[in-house]
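The residues making up each chain are set out below.
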Amino acid sequence: MKGLRRAASPLILGLGLFFLYAPIVLLVLWSFNDSRLVTVWGGFSLRWYAALFSNAALMEAAWVSIRIALVSAALATILGTMAALTLTRHGRFAGRTAFTGMAYAPLVMPEVMIGLALLLLFVGLGVDRGFWTVVIAHTTVTMCFATVIIRARLADFDVSLEEAAMDLGATPVRAFFLVTAPLIAPSMAAAFLLAFTMSMDDLVIASFVSGPGATTLPMRIYSQVRLGVTPEINAASSVLIALVVVGLGCAFLLMRRRKPASA
Amino acid sequence: MSDRLRGDGVAGAARPAKERIGKPGRAGLGAVRREFAPWADPAATPLIRFEGVCKRFGDAVAIDNLDLSVYRGEFFCLLGPSGCGKSTLMRMLAGFEQPDAGRILLDGVDQAEIPPHNRPVNMMFQSYALFPHMSVAQNIAFGLRQLSLSKADIQARVDEMLTMVQLTPLARRKPHQLSGGQRQRVALARALARRPQVLLLDEPLGALDKKLREETQFELMDIQEELGATFLVVTHDQEEAMVMADRIAVMNQGRIAQLDTPGRIYEEPVSRYVADFIGDVNLLEGAAVGREDGLWRIACPATGGELLVASDAVLTVGQQVVVAVRPEKIRIDRARPTDVANVIPGEVWDIGYLGDWTTYVLKLAGGETLKTSRANVSRHVVEPVTWEETVFASFAPDAAVMLTG
Ligand SMILES: Nc1ncnc2c1ncn2[C@@H]1O[C@H](COP(=O)(O)OP(=O)(O)OP(=O)(O)O)[C@@H](O)[C@H]1O
Ligand SMILES: [Mg+2]
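Residues numbered from 1 in each chain as written. Chains lettered and ligands numbered in written order. Predicted model: local features only at pLDDT ≥ 70, side-chain atom pairs only at ≥ 80, totals over all residues. Heavy atoms only, no water.

This paragraph deals with the overall build of chain A. Across its full length, chain A carries 11 helices and zero strands. Going from N to C terminus, chain A has its helices and strands arranged as α-α-α-α-α-α-α-α-α-α-α. Its C-alpha atoms put chain A at 70 × 65 × 35 Å along the principal axes. Counting all 263 residues of chain A, 40% fall into the buried class. Contacts in chain A between residues at least 24 apart in sequence constitute 73% of all its contacts with a sequence separation of at least 6. In chain A, which carries 19 positive and 12 negative side-chain charges, the distance between the mean positions of the two groups comes to 9 Å. (Helix = DSSP H or I, 4+ residues; strand = E, 2+ residues; numbered from the N terminus. Buried < 20%, exposed > 50% of the residue type's maximum accessible area, 1.4 Å probe, protein only. Contact = heavy atoms within 4.5 Å. Lys, Arg positive; Asp, Glu negative; His and termini not counted. Charge placed at Lys NZ, Arg CZ, Asp CG, Glu CD.)

Here is the structure:
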């Protein structure tokens, strides 16, 4: 019985990993397929990557996605830092619980709901949907992840460092930029990268709040796939996967990096 | 350096010269020594004043209606057990906590509306709070960069500070590459770089081992004398306070139990709490019997007799009092001495050999214990006092202090 369990657990782990990652590995492999047919292996080639980079529609969508991701990640990092500072530094204030709840709500809210709610809001306000509505939507969702990451770092941040800075004549704002910010910079960078990747691969929310001229890369890929999977799409997806993996990997390393031995 | 060693801590012992205040290097050998005691001068205006300051955290009272004056150039120690409000007092002066009631004046200016970064005080934190991402030199320069000083001036001042704390070779190291003692010196240099009027030090030597602590105590005193700044030091180590301070405030639960010079705190404690907190003491309970020749006769059940205590206290006959005697003021002999007023027989119960001192714990007739100590002046004693021997403890009437509080 015991032996069986011992033999079974790696098997189950292997199966789990297989179901999770085999499709992705296959997709990446097929992106190097020389054949036009998606299901027949015709040898190794980078032709679809070349085709991808000359596909104006995909490239434009990628550029839109990158711009949206950069802007929304920057906003999310700034807002997340501010929220985290408020939650860690200001003790108890009226509405603290409500604020915590609202800051963290998007963590658990279904994306479809968020997308729909934002769509109704933008329509209600009569805002033209496009680049900025997607930026706002992505900022809303990703800033709560940024808050979580930065707050964790601030929680074990020695407040007496800030006090020392102020004691030495720095205004609170200068104390933040000269002492706090450099020390929490890794977690801010991690938050930025996480927000960036989340924005890059979001399809659901963007589909709700995007408008003409602001088709993101996942939206473009999705709409092309409905017409049939081409090797080109495999290549585009592979690039996107690589980007996400690198981004998340860096974010993980930054978060894991031990803070310097506090002195 | 050696002139700073306060010999025996006797009340009113000559205090080292304070002439060098504000004019380093002026006093040399043979300079006129002056007693430094601005607190005794009614015309002197204090640099720091706490007036009826209260501070509570929720239900807990941290500072309870406290009045305190500290004078310019003073080396002032706040001494007290953990949680008595020492750090809170200091943090209020630095501006990190606001008093709930009362005023804090610095050089006559009410500090209530002044934020921490505009106060002319600097603080050395208990944890040192060195900036881990900056080098030693950058840490020291931090406070100077907040002033409008030229680069050259900042560099000059940093070099001066590095020399003072003997860290010039380590200027480029990061704090985590330093030893505890070196970090402590960086923190001191950083706090002193802005030449504050008042330097607050929260347990500055807490993290150091005993030997380094003792060395650093004298270094701190030298630096204070050289710069002429006012030092307000928190400690819970009474020896440290005794060595360094011009005056000590012994605190108890947010109040000042006694504020005086180290000598007077030790020799003339005003309450049982202070006597017990500072140094070793025997507290003998008794009742006043009568007065003769300026001495009070106290019936003391523990010693099975009467004690004579020199005291000006106004007592009523029968009033309960505590007679406090320090162990080193009690002599022990094998034969009953005839030249001393108070003689107490007892059996040697415990002997503690400390190298320089030996302490003897005597068991008295009533079952109480009495602690005495004796300096080991020679290396070999022919017939040392040993366990279970009956000896006579004795002390003069003026060796004891009468406590009514
Ligand atoms: N921020 C705070 N919130 C709540 N209570 C506090 C706070 N700061 C201090 N206290 C309480 O106030 C009292 C005095 O604290 P304080 O830090 O001044 O003590 P201390 O004399 O410095 O002690 P120690 O020698 O241990 O440093 C303590 O009972 C402490 O629990
Ligand atoms: Mg403290």
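The subject of this paragraph is the sheet that holds strand 16 (residues 342-353) of chain B. All names here are of chain B. Spatially, five strands are ordered 15-19-16-17-18 in an open sheet, and the strand pairing comes out antiparallel. Both outer strands of the open sheet, strand 15 (331-333) and strand 18 (369-375), are each paired with one neighbouring strand and no more. Going from strand to strand, the sheet's axes swing by 45° on average, the running direction of each strand aside. Here strand 17 (residues 357-364) runs beside strand 18; their pairing, made up of seven bridges, is antiparallel. Paired with Thr-359 across the strands is Ser-373, a residue of strand 18. (Pairing = 2+ DSSP bridges. Axes fitted to C-alpha atoms, helices over the stretch in contact; angles between N-to-C directions.)

Bringing the domain arrangement of chain B into the picture now. Residue and element names in this part refer to chain B. Each assigned domain of chain B is listed with its residue range as follows: domain 1 (17-120 + 196-272) and domain 2 (280-403). Relative placement of domain 1 and domain 2: their C-alpha centres are 34 Å apart. With seven residues of domain 1 at the interface, the matching set in domain 2 holds eight residues. Here domain 1 meets domain 2 over a buried area of about 690 Å², counting both sides, of which 49% is carbon and sulfur. Across the contact surface, domain 1 and domain 2 share two salt bridges. (Domains from an automatic or database assignment. Buried area = accessible area lost by both parts, 1.4 Å probe. Salt bridge = Lys/Arg side-chain N within 4 Å of Asp/Glu carboxyl O.)

Those residues carrying the UniProt feature "domain: ABC transmembrane type-1" (unreviewed entry) are residues 62-254 of chain A in this numbering. Overall, residues 62-254 of chain A shows 82% helix and 0% strand. The separation of its end C-alpha atoms is 26 Å. (UniProt positions renumbered as here; feature names shortened; annotations may be inferred.)

Once that is clear, we can look at the packing of aromatic side chains. Taken as a whole and judged by the stated rule, the model has 12 aromatic pairs over all chains. Ring geometry for A:Phe18 versus A:Phe19: centroids 5.9 Å apart, planes at 80°, classification edge-to-face. Note on accessibility: A:Phe18 and A:Phe19 belong to one class, exposed. Three or more aromatic residues joined by ring pairs make a cluster, and in this case those are A:Phe32, A:Phe44 and A:Tyr49. Here B:Arg190 stacks its cationic end above the ring of B:Phe131, 4.6 Å away from the centre of that ring. For the cation-ring pair, B:Lys363 lies above B:Trp349, with the distance from its terminal atom to the ring centre recorded as 4.0 Å. (Phe/Tyr/Trp six-rings, centres within 6.5 Å; stacked < 30°, edge-to-face > 60°. Lys NZ or Arg CZ within 6 Å of the ring centre and 35° of its normal.)

Take a nonpolar patch on the surface next. Residue and element names in this part refer to chain A. There is a patch of nonpolar side chains on the surface, built from Leu-13, Leu-17, Leu-20, Tyr-21, Ile-24, Val-25, Leu-26 and Leu-29 and spanning about 760 Å² of accessible area. Topologically, Leu-17 is positioned in helix 1 (residues 2-31). Under the relative-accessibility criterion, Leu-17 is labelled partly exposed at 43%. (Patch = residues over 30% accessible without salt bridge, like charges linked within 9 Å, V, L, I, M, F, W, Y side chains within 5 Å. Areas by Shrake-Rupley, 256 points an atom, 1.4 Å probe, with all protein chains shown as cover.)

Residue and element names in this part refer to chain B. Tracing the sequence through the fold places Arg-195 in the loop between helix 4 (180-192) and strand 7 (198-202). Owing to a relative accessible area of 48%, Arg-195 belongs among the partly exposed residues under this scheme. Along the sequence, Arg-195 and Lys-86 sit 109 residues apart, while their C-alpha atoms lie 23 Å from each other. Among residues more than four places away in sequence, those in contact with Arg-195 are Arg-157 and Glu-160. Looking at Arg-195, its side chain comes within polar contact range of the side chain of Glu-160, at 3.2 Å. (Polar contact = N/O pair within 3.5 Å; in protein donor to acceptor, adjacent residues only side chain to side chain.)

A word on the nonpolar core. With 55 residues, the main nonpolar core has B:Phe50, B:Leu89, B:Leu93, B:Phe131, B:Phe142 and B:Leu200 as its most contacted residues. With nine residues, the top contributor of residues to this core is helix 8 (residues 172-200) of chain A. Judged by nonpolar contacts, the second largest core, of 47 residues, contains B:Cys77, B:Leu79, B:Met161 and B:Ile265. (Core = buried A, V, L, I, M, F, W, Y, C linked by side-chain atoms within 4.5 Å.)

Let us look at the environment of A:Val127. All names here are of chain A. You can see Val-127 is positioned in the loop between helix 5 (111-125) and helix 6 (131-155). Val-127 sits in the partly exposed class, given a relative accessible area of 37%. Apart from residues no more than four positions distant in its own chain, Val-127 is found in contact with Phe-122 and Thr-133.

Another point: unusual backbone geometry. Residues and elements named next belong to chain B. Phi is positive for Arg-195, close to 50°, though the residue is something other than glycine. Here the phi dihedral of Gln-253 falls at roughly 45°; this positive angle occurs in a residue that is not glycine. One can find Gln-253 in the loop between strand 9 (247-252) and strand 10 (255-260).

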